[in-house]
Amino acid sequence: MDISSNGISFETKRDYKKGNLVFLEADMGGEQLKLLVCVAWVKKGENGLSQVGAELIAVNPTDKKKMQSILDQMIVEIRERKKKPAKKTAAKKKTAKKKVSKKAPAKKAKKKTVRKKK
C-alpha cells in the first residue's frame, strides 16, 4: 500500500474498474483509517493481483488528522535518515585494499669498504 494526502495505491484480487467508488479500511501506522476512494487506474499483475490507484474522495475528519500526522512523521524520519552519513559495512572494510606502487623495487646500494693507507 502506498498512501498520500490525496490518493492511495494498493494490490488486490478484486476486479475494480476506473471510476468505481470503493470504501476502504486501511491500517496505517497502527491506526485503522476509513476512506472513500474513486479508482483512477488499474494495472493487471501476476498471480491474479491488480495494482489499483485511487483518489481520496471522503475521509472522516478524525482519520484525516491521523493520516496527516502519520505522513508528517514519516517525512521527518526520511529526512533524518538522509542527514546521517552512511557507515561502511564490515564487508566493504574487508575488501578495501591498500594502493600498491607499480614502481620497480629500489636497488640496494653496495657497501664500499674503504682501506686506510699506511
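Residues numbered from 1 in each chain as written. Predicted model: local features only at pLDDT ≥ 70, side-chain atom pairs only at ≥ 80, totals over all residues. Heavy atoms only, no water.

(A) Representation of the side chain of Ser-9 in the model. With respect to the helices and strands, the residue Ser-9 is situated in strand β2 (residues 7-12). By relative accessible area, which is 12% here, Ser-9 ends up buried. Here Ser-9 is in contact with Met-1, Asp-2, Trp-41, Gln-51, Val-52 and Gly-53, once residues within four sequence places are set aside. (Helix = DSSP H or I, 4+ residues; strand = E, 2+ residues; numbered from the N terminus. Buried < 20%, exposed > 50% of the residue type's maximum accessible area, 1.4 Å probe, protein only. Contact = heavy atoms within 4.5 Å.)

(B) Focus on the packing of aromatic side chains. The full count for this structure, using the stated rule, is one aromatic pair. Between Phe-10 and Tyr-16, the aromatic rings sit 6.3 Å apart at their centres with planes inclined by 80 degrees, giving edge-to-face as the arrangement. Accessibility assignment for this pair places Phe-10 and Tyr-16 in one class, buried. (Phe/Tyr/Trp six-rings, centres within 6.5 Å; stacked < 30°, edge-to-face > 60°.)

(C) Region of interest: the pairing of β2. The element β2 is largely enclosed, with a buried count of five among its six residues. Across two bridges, the pairing between strand β1 (residues 2-3) and β2 is antiparallel. Bridge pairing in β2 links Ile-3 to Ile-8. The turn joining β1 and β2, which pair antiparallel and follow one another in sequence, is formed by three residues. Note that β2 and strand β5 (residues 50-59) share six bridges and pair antiparallel. Within β5, the position partnered with Phe-10 by the bridge is Val-52. (Pairing = 2+ DSSP bridges.)

(D) Spatial organisation of the nonpolar core. By size, the foremost hydrophobic cluster in this structure holds 18 residues, and its most contacted members are Ile-3, Ile-8, Met-28, Leu-35, Val-37 and Met-67. Ignoring sequence-local partners within four residues, the contact set of Ile-3 consists of Ile-8, Met-28, Leu-35, Met-67 and Leu-71. (Core = buried A, V, L, I, M, F, W, Y, C linked by side-chain atoms within 4.5 Å.)

No statement about biological role is implied by the geometric values presented.
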